[in-house]
Amino acid sequence: MQFFGGTEISPSPPAPTASGNNAHMLYIFNRNGICLLYREWNRPLKTLSSQQDHKLMFGLLFSLKSLTAKMDPTSVEKGNLGVPQLPGQGCSFHSFRTNTYKLSFMESPSGIKIILVTHPRTGDLRDSLKYIYNLYVEYVVKNPLYSPGSPIRCELFNKTVDQYVRGLG
């Protein structure tokens, strides 16, 4: 079944860019800014509570999406800075890198936002984020016991995502 990017979910995900676990954190937000899933692997320093961390991350995404749409050199209609953009509307960003981490981002047409924070030398993760989204659709959305907007508590999804992300380079 096709969901995003013209590829089908398959038992063989996109190949990791290198060996080893370079992933630090994974966030999945719904369109309302509610964190549906948060996982961490390599995060030695915790400075905020989880609620503050989730608000900060969602605020960062909102600001970056707004800024990239406002600075889009190809669009005549710039809109107002801070006004929410619909998924796929205007210019968007896929990732940014600092000296200590790389943040990769994908937003689905339904407004689900997937954020993966990795080592700064990690390559392009767009295919990996699409694969994680397809796992979300297969294991969470299609689960009759899942209530949309509630935290993800599907053990099979968590295990599959954990195994996949641990293999990313």
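Below: a short report on this structure. Residue positions are given per chain, counting from 1 as you read along its sequence in written order. With pLDDT at 70 or above as the cut-off, local features in this predicted model cover only qualifying residues; side-chain atom pairs require 80 or more to be listed or tallied, and sums for whole chains, interfaces and linings still use all residues. Only hydrogens and water are set aside; all other atoms, that is, all heavy atoms of the structure, feed into the side-chain values.

1. A closer look at the overall build of the protein chain
Next, step 1: Helix numbering and strand numbering both begin at the N terminus, where a helix is a DSSP run of H or I of at least 4 residues and a strand a DSSP run of E of at least 2. Within the protein chain, the regular secondary structure consists of 3 helices and 7 strands.
Next, step 2: In sequence order, the secondary structure elements of the protein chain are arranged as β-β-β-β-α-β-β-β-α-α.
Next, step 3: To sort residues, take the accessible area from a 1.4 Å probe on protein chains only and compare it with the maximum for the residue type: under 20% means buried, over 50% means exposed, and anything in between is partly exposed. Put simply, the protein chain has 169 residues, and 39% of those count as buried.
Next, step 4: Only heavy atoms enter the contact rule, under which two residues are in contact if any of them lie within 4.5 Å. For the protein chain, long-range pairs separated by at least 24 residues make up 55% of all intrachain contacts whose partners lie at least 6 apart in sequence.
Next, step 5: When the accessible surface of the protein chain is summed, it comes to about 9,700 Å², and 55% of that surface belongs to carbon and sulfur atoms. The method behind every accessible area is Shrake-Rupley, applied with a 1.4 Å probe, and residues are considered shielded solely by the protein chains displayed.

2. Some words on the pattern of salt bridges
Next, step 1: We define a salt bridge as a side-chain nitrogen of Lys or Arg found within 4 Å of a carboxyl oxygen belonging to Asp or Glu. The tally for this structure, following the rule as stated, stands at 6 salt bridges.
Next, step 2: Between K65 and E107 there is a salt bridge, and its shortest N-O distance comes to 2.5 Å. Here K65, found in helix α1 (residues 50–70), pairs with E107, found in strand β6 (residues 102–107); they are 42 residues apart in sequence, far enough to count as distant. With respect to class, K65 is no different from E107; both count as buried.
Next, step 3: A salt bridge links E107 to K113; its shortest N-O distance comes to 3.1 Å. K113 carries the same exposure label as E107, and that label is buried.

3. What to know about the nonpolar core
Next, step 1: As used here, the term nonpolar core means buried Ala, Val, Leu, Ile, Met, Phe, Trp, Tyr and Cys residues forming a set that is joined through side-chain atoms within 4.5 Å. Formed by 27 residues in total, the largest nonpolar core has its most connected members in I114, Y136, I152, F157 and V165.
Next, step 2: Mapped by element, the contributors of at least two residues to this core are β3 (23–29), β4 (35–40), β7 (113–118), α2 (126–141) and α3 (155–166).
Next, step 3: For this core, the element with the highest residue contribution is α2, accounting for 8 residues.
Next, step 4: Aside from chain neighbours lying at most four places away, what touches I152 is I28, L36, L37, Y136, V140, Y146, F157 and N158.
Next, step 5: With 13 residues, the next largest nonpolar core counts M57, F93, L103 and V117 among its residues.

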